[in-house]
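# Chain and residue survey
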Amino acid sequence: MTSRRRIVRLFVLMLVLGGLAGCWGALESSGLEANTSQAAEPQAGGGSRLPRQILIIRHAEKTGNRDDVHLSSEGQARADRLPELFVASAERKIPFARPDFLFAAGNKESSSRPVETISPLAAKLRLPINSQYHDSAVKELAHELRHNPVYAGKIVLVCWRHDMIPALAQALQARNAPQTWPGHVCDRVWLISYNAAGTASIYDLPQRLLPGDSQ
């Protein structure tokens, strides 16, 4: 009788342990699926195909001399301080995200200012400047940024000439972008952010780099 009870207890114990093992396996499987599901969720920046953010700035100040293709002394000061946009400080507690790629409108006979504006930043970040697109080639540039997977999930900074910036923003699908960029304004950043669905939002933000900049 005692032996039979021991056999029964052993049999029950085996059933219990087997059930626990099955439950543990189910939990492990469930956790793995949950982790896999989270990893498959599209990330900000339109999943695998769009940049996370595109920052658009105008070239820095010019001299006012129509024959001068370069920045003014104030413009050069702005260019030199442009890297401060991406560093936290007492004045800038939340900096802009550091760029992974730099673009500037190509040089032409009347202006080399876009390339000059971001040259100090390029040197600081050790990034090349892509200046192969001319002023009006905003649709071509937008197509490159929106469809080339090399920019997926990245931060891109674009320095352009003011009259074509609204068209560039619209080509980047920021449909609520302002219609104009005032000709005297050099101290703003248009930040275009793409969500997981690929929808673009645009924010008009201050640089706050030089005295007198908009706040």
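So, here is what we can say about the structure in this document. Remember, it's a predicted structure, so these values are computed and weren't measured experimentally.

Turning our eyes to something else, we now look at the nonpolar core. Ranked by size, the top nonpolar core spans 29 residues in total, and within it Ile-54, Ile-56, Leu-145, Val-158, Leu-172 and Ile-192 carry the most contacts. Secondary-structure elements contributing two or more residues to this core are β1 (53-58), α4 (138-147), β4 (155-160), α5 (165-171), β5 (188-194) and β6 (200-206). If sequence neighbours within four positions are ignored, Ile-54 has contacts with Leu-145, Val-156, Val-158, Leu-172, Trp-190, Leu-191, Ile-192 and Tyr-194.

What follows deals with helix α3 (residues 113-125). Since one α-helical turn is 3.6 residues long, residues separated by three or four positions face the same way. A rise of 1.5 Å per residue sets the reference length of α3, with its 13 residues, at 18 Å; its end C-alpha atoms lie 19 Å apart and thus fit the reference within 8%. The axis of α3 is deflected most strongly, by about 40 degrees, at Ser-119, and proline Pro-120 appears within four residues downstream. Buried within α3 we find Arg-113, Pro-114, Val-115, Glu-116, Thr-117, Ile-118, Leu-121, Ala-122 and Leu-125. Of the surrounding secondary structure, the elements contacted by the buried residues of α3 are β1, α2 (73-81), β2 (101-104), β3 (129-130) and β4. Arg-126 sits one or two positions beyond α3 and adopts a positive phi of about 55 degrees.

Here the focus is the pattern of salt bridges. A side chain of one charge can pair with a side chain of the opposite charge when the charged atoms of the two come close. Applying the stated criterion across every chain, the model contains six salt bridges. Between Glu-61 and Arg-78 there is a salt bridge, with the nearest N and O atoms lying 2.9 Å from each other. Of this pair, Glu-61 sits in the loop between β1 and α2 while Arg-78 sits in helix α2, placing them 17 residues apart in sequence. Comparing Glu-61 with Arg-78, the two get one shared label, buried. Two residues, Arg-81 and Glu-84, come together in a salt bridge whose shortest N-O distance is 3.0 Å.

So, about the side chain of Asp-213. Tracing the backbone through its elements, the reader meets Asp-213 in the segment after β6. Polar contacts involving the side chain of Asp-213 include one to the main-chain amide nitrogen of Leu-209, which spans 2.9 Å. Dropping the residues within four chain positions of it, Asp-213 is found in contact with Arg-78, Asp-187, Gln-207 and Arg-208.

Applying the stated criterion across every chain yields a total of four aromatic pairs. On the numbers, 6.4 Å between centres and 45 degrees between planes, the contact of Phe-103 with Tyr-133 is tilted. With Phe-103 in strand β2 and Tyr-133 in the loop between β3 and α4, this residue pair connects regions lying 30 residues apart in the sequence. We classify Phe-103 as buried; its relative accessible area is 2%. A relative accessible area of 12% means that Tyr-133 is categorised as buried.

Before going further, it helps to spend a moment on the side chain of Asp-187. One can find Asp-187 in the loop between α5 and β5. Buried charged residue Asp-187 carries no salt bridge. Nearest counter-charge: Arg-188, at 5.1 Å. A polar side-chain atom of Asp-187 sits 2.7 Å from the main-chain amide nitrogen of Ser-214. Contacts of Asp-187, omitting those with residues within four sequence positions, involve Arg-78, Leu-205, Pro-206, Gln-207, Asp-213 and Ser-214.

How each quantity is defined
Residues numbered from 1 in each chain as written. Predicted model: local features only at pLDDT ≥ 70, side-chain atom pairs only at ≥ 80, totals over all residues. Heavy atoms only, no water. Core = buried A, V, L, I, M, F, W, Y, C linked by side-chain atoms within 4.5 Å. Buried < 20%, exposed > 50% of the residue type's maximum accessible area, 1.4 Å probe, protein only. Helix = DSSP H or I, 4+ residues; strand = E, 2+ residues; numbered from the N terminus. Contact = heavy atoms within 4.5 Å. Expected span 1.5 Å × (residues − 1). Bend = angle between axes of the 7 residues up to and from the residue. Salt bridge = Lys/Arg side-chain N within 4 Å of Asp/Glu carboxyl O. Polar contact = N/O pair within 3.5 Å; in protein donor to acceptor, adjacent residues only side chain to side chain. Phe/Tyr/Trp six-rings, centres within 6.5 Å; stacked < 30°, edge-to-face > 60°. Lys, Arg positive; Asp, Glu negative; His and termini not counted.

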